[in-house]
Amino acid sequence: MYATRHLARRFAFSQTRRLSHVPSNAPALKSATSEDLAHFSKILPQTCILSTLPSLNNTPSTTTIEELAPFNNDWMNKYHGKSEMVLRPRTTEEVAQIVKWCNEKRIGVVPQGGNTGLVGGSVPTKNEVVINLANMNKVRSFDPVSGILVADAGCILESLNEYLAPHNHIVPLDLGAKGSCQIGGNVSTNAGGLRLLRYGSLHGSVLGLEVVLPDGTILNQLSSLRKDNTGYDLKQLFIGAEGTLGIVTGVSILAAPAPQATSNVILALPKFDNVLPLFTKVKRQLSEILSAFEFFDREVYDLAVKHNQGRALNADDVEGAECFVLVETSGGNREHDEAKLNALLENLLESDEPLINTGVLSQNPAQFASLWAIREGLTEAVSKEGKAYKYDISIPLKAFKEVVDTTREHLRSQGLLRHDAVKNVVGYGHVGDGNLHLNIVAAAYTPEIEAALEPFVYELVGKYKGSVSAEHGIGVMKTHALHYSKDEVNIEWMRRIKNLFDPHGIMNPGKVLP
Ligand code: FAD
Ligand code: 2HG
Ligand code: ZN
């Protein structure tokens, strides 16, 4: 029992070298017309087409602008497109035919998955055609011996996990948006999520992809091989390409064996400075059973409580806490894993200068889920509080707090830290991956706040030689900030690759590249 020292054994509810610039010979893109609509009606049934355009014989459409709104506006309601047409193909061949036509007609297309992206990549910037993958939602095959899963790109992450559960496997990726995001979207953003520490990045676990290229060619790389060293690994280019090089229609991924025993604990820390020594200690003591080490500061925890994300911890357990860490273990033997976790907690509490004030350990699956709900609910809590400016950055762990505090002070010095402008400056993220989510919660998105934040935040990241996008991508939000993390040579070669695959620039225009 840890009750002796605050830790509740119970669950407490309570560059340099310049390359000549490759000129893009892409002419201006065109908008889809009624003629295009008539063509798409030959490829897809009407149930798979949403368009406000009139038909060729001028019959007005019955589709309203409101019906297109969920496809034109992003999850944060920050980025707004004006597409007049959403196509929802059911097969790879249908995607290929649509894309081929768009390429010939020079019509811009936006590949769209669950539209949970946080950088404006999944919605049009103008009136491009949205190609939404939701109707491609079938598992193609699963081999329980190798663990290799092959699925349509539109399969929802959570549904894939439900499919795998009876086979004792899981997708090696988990994130708060799992109920809506699609595996094709995950691959296209190279999503990181809550257990990257354990399962590594999708660059490792994705074994193959099927991609419709901008000219309509189907690139079949849907390999089910663990090892394949036959030249250039083209699939890697599409992982994290954010739909700028082609449309991912199928994914082959190495599922992980479902852990036989899992546990989690939220630790309350008196000061941020303890996070790093705690991480070192936790890694050493839990070693192979450590599966997540997630950080959130007090201010964002309070927002989670305010907006009912998960059940609040007891007042005693949060008193004096400057920040929190959620530690998860996943292993194969409950007795062994619990013994390890208990030894760690005892050690943490018995030291002369404890790194933690207290901790709340889950005792059953419902409590386990409830502790995770606090962490997973932070994004939702922030969006319920106001309009979030999200900076998803890689910086040295020791700088997490400094970056949050410096940004807050900067906004204060600009007179913007007030109820009707910036309400909160909070930090949370994946300590194990060096990834901080700096969120500035405002009453509204305004040019004044944006001007105060940018390039200020990016310069701060540059100072630490960090990355302006650890996991959410560049989208439309950060094209102008790419150079803080990539030098000119890198950007130029990215541009060359883009031009090679997509010489007419139809694929997700305005995204990723400046
Ligand atoms: P979308 O948002 O639809 O698209 C994202 C990008 O991928 C766009 O550029 C789009 O054009 C492209 N794209 C989508 N599908 C395809 C396709 N089939 N082929 C080609 N391009 C495609 N992200 C993380 O990395 N880690 C997290 O922990 C995390 N947590 C989140 C929690 C919440 C509550 C929310 C709202 C978002 C979170 N995200 C997180 C961001 C987002 O969920 C991920 O980026 C996710 O991978 C996007 O998947 P999606 O299917 O919604 O893609
Ligand atoms: C997370 O880690 C997601 O919860 C979302 O990546 C981060 O809300 C954010 O800024
Ligand atoms: Zn994250």
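Residues numbered from 1 in each chain as written. Chains lettered and ligands numbered in written order. Predicted model: local features only at pLDDT ≥ 70, side-chain atom pairs only at ≥ 80, totals over all residues. Heavy atoms only, no water.

*Asks:* Tell me what's going on with the overall build of the protein chain, and back it up with residues and numbers.
*Replies:* Looking only at helices and strands, the protein chain has 18 helices and 18 strands in total. Dimensions along the principal axes, computed over C-alpha positions, put the protein chain at roughly 80 × 60 × 50 Å. When each of the 514 residues of the protein chain is scored for burial, the buried share is 55%. Summing over all exposed atoms, the protein chain offers an accessible surface of approximately 21,800 Å²; the carbon and sulfur share of this is 52%. (Helix = DSSP H or I, 4+ residues; strand = E, 2+ residues; numbered from the N terminus. Buried < 20%, exposed > 50% of the residue type's maximum accessible area, 1.4 Å probe, protein only. Areas by Shrake-Rupley, 256 points an atom, 1.4 Å probe, with all protein chains shown as cover.)

*Asks:* Could you give an account of the sheet that holds strand β6 (residues 148-152), naming the residues involved and the relevant values?
*Replies:* The strand order across the open sheet built from five strands is β5-β6-β10-β8-β9, with neighbouring strands paired in antiparallel fashion. Strand pairing shows two members of the sheet lacking a second neighbour, β5 (139-143) and β9 (218-221), which therefore form its edges. The average undirected angle you get between the axes of adjacent strands in this sheet is 10 degrees. Where strand β8 (residues 206-212) meets β9, four bridges bridge the pair, whose relative direction is antiparallel. (Pairing = 2+ DSSP bridges. Axes fitted to C-alpha atoms, helices over the stretch in contact; angles between N-to-C directions.)

*Asks:* Residues and numbers for the domain arrangement of the protein chain, please.
*Replies:* Partitioning the protein chain into domains gives domain 1 (139-257), domain 2 (261-378) and domain 3 (386-472). The C-alpha-based centres of domain 1 and domain 2 are spaced at 30 Å. Facing the nine residues of domain 1 at the interface are 13 residues of domain 2. Taking both sides of the interface into account, the surface hidden between domain 1 and domain 2 amounts to around 790 Å²; carbon and sulfur atoms contribute 49%. If you sort the residues of domain 1 by the area they bury against domain 2, L194, L197 and R198 come out on top, with a joint share of 69%. Counting every contact that joins domain 1 to domain 2 gives two salt bridges. With a closest N to O distance of 2.9 Å, K178 and E376 form a salt bridge. Between domain 1 and domain 2 we count six residue pairs in polar contact (both at pLDDT 80 or more) in total. (Domains from an automatic or database assignment. Contact = heavy atoms within 4.5 Å. Buried area = accessible area lost by both parts, 1.4 Å probe. Salt bridge = Lys/Arg side-chain N within 4 Å of Asp/Glu carboxyl O. Polar contact = N/O pair within 3.5 Å; in protein donor to acceptor, adjacent residues only side chain to side chain.)

*Asks:* So what about the site of ligand 1? Which residues, and what values?
*Replies:* Inspection of the region around ligand 1 gives 35 residues, with P111, G113, G114, T116 and G117 positioned closest. With respect to ligand 1, the side chain of T116 contributes an N or O atom lying 2.6 Å from an oxygen atom. In the model, an oxygen atom of ligand 1 is placed 3.1 Å from a nitrogen or oxygen of the E242 main chain. Out of a free accessible area of 960 Å², ligand 1 has 97% covered by protein chains. Those elements that place two or more of their residues in the shell around ligand 1 are β3 (109-112), α5 (183-189) and β10 (247-254). Top element by residues in the shell around ligand 1 is α5. It accounts for five residues. Residue composition of the shell around ligand 1, grouped by class: 11 nonpolar, 22 polar and two charged. (Near = heavy atom within 4 Å. Nonpolar A, V, L, I, M, F, W, Y, C, P; charged D, E, K, R; others polar.)

*Asks:* Now, about the site of ligand 2: what can you tell me, with residues and values included?
*Replies:* Every residue lining ligand 2 is accounted for by L118, R375, T379, K390, Y428, H430, H437, N439, E471 and H472. R375 is positioned with one of its side-chain polar atoms (N or O) 2.7 Å from an oxygen atom of ligand 2. Measuring from an oxygen atom of ligand 2, one finds a side-chain N or O atom of E471 at 2.9 Å. About the coverage of ligand 2: the protein hides 87% of its 300 Å² of free accessible area. Elements that contribute at least two residues to the shell around ligand 2 include exactly β17 (422-430) and β18 (435-442). Looking at the shell around ligand 2, its residues break down into two nonpolar, five polar and three charged.

*Asks:* Go over the confidence of the model for the protein chain, please, and point to the residues and values.
*Replies:* Here the protein chain averages 94 in pLDDT, while 95% of its residues score no lower than 70. Across residues 1-23, confidence stays below pLDDT 50; counting only partners more than four residues off in sequence or on other chains, it has 75 contacts. (pLDDT = per-residue confidence, 0-100.)

*Asks:* Account for the coordination of the zinc ion (ligand 3), with residues named and values stated.
*Replies:* In this structure, H430 (NE2), H437 (NE2) and E471 (OE) serve as the protein donors to the zinc ion (ligand 3), at separations of 1.8 to 2.1 Å. Positions of the donor residues of the zinc ion (ligand 3) along the chain correspond to the pattern H-x6-H-x33-E. Highlighted residues: H430 in strand β17 and E471 in the loop between α17 (456-463) and α18 (488-501), separated in sequence by 41 residues. (Donors = N, O, S within 2.8 Å, 3.2 Å for Na, K, Ca; no water.)

*Asks:* Please provide a residue-by-residue account of the sheet that holds strand β2 (residues 85-87), values included.
*Replies:* Strands sit in the order β1-β2-β4-β3 across an open sheet of four strands; the sheet is mixed. Edge positions in the sheet fall to β1 (49-51) and β3, since each has one partner strand and no second. Strand-to-strand twist in this sheet, taken as the mean axis angle between neighbours without regard to direction, amounts to 20 degrees. As defined by bridge partners, β3 adjoins strand β4 (residues 129-132) across four bridges and the pair is classed as parallel. Among the inter-strand pairings, Q112 is bridged to a residue of β4, identified as N132.

*Asks:* Describe the pairing of β4, naming the residues involved and giving the relevant values.
*Replies:* In the case of a regular strand, side chains alternate between the two sheet surfaces. Burial along β4 is two-sided: V129 and I131 and V130 and N132, pointing in opposite directions, are all buried. Both β2 and β4 contribute to a ladder of two bridges, which runs parallel. The partner of L87 across the bridge, within β4, is I131.

*Asks:* Residues and numbers for the nonpolar core, please.
*Replies:* Core analysis: the largest hydrophobic core is formed by 64 residues, its most contacted members being L278 and Y391. Both of domain 2 (261-378) and domain 3 (386-472) provide at least three residues apiece to this core. With 30 residues, the next largest nonpolar core counts V171, V206, L219 and I253 among its residues. (Core = buried A, V, L, I, M, F, W, Y, C linked by side-chain atoms within 4.5 Å.)

*Asks:* So what's going on with the packing of helix α15 (residues 400-413) against α17? Residues and values would help.
*Replies:* Direction vectors running N to C along α15 and α17 enclose 150 degrees, while the axes themselves pass 11 Å from each other. Taken together, the axes of α15 and α17 are roughly antiparallel relative to one another. Judged by the sense of rotation from one axis to the other, the crossing of α15 with α17 is right-handed. In this structure, α15 uses E402, V403, T406, T407 and H410 to contact α17, whose residues at the interface are F456, V457, L460 and K463. Each residue belonging to the contact of α15 with α17 can be placed in one class, and the counts come to four nonpolar, three polar and two charged. (Parallel < 35°, antiparallel > 145°, perpendicular 65-115°, else oblique. Left-handed = near helix turned anticlockwise from the far one by under 90°.)

*Asks:* Pulling in residues and values, what's your account of the side chain of S291?
*Replies:* On the secondary structure map, S291 appears in strand β13 (residues 290-297). In terms of polar contacts, S291 uses its side chain to reach the side chain of S330, at 2.7 Å. With residues near it in sequence (within four places) discarded, S291 still touches L194, R195, L197, R198, E328, T329 and S330.

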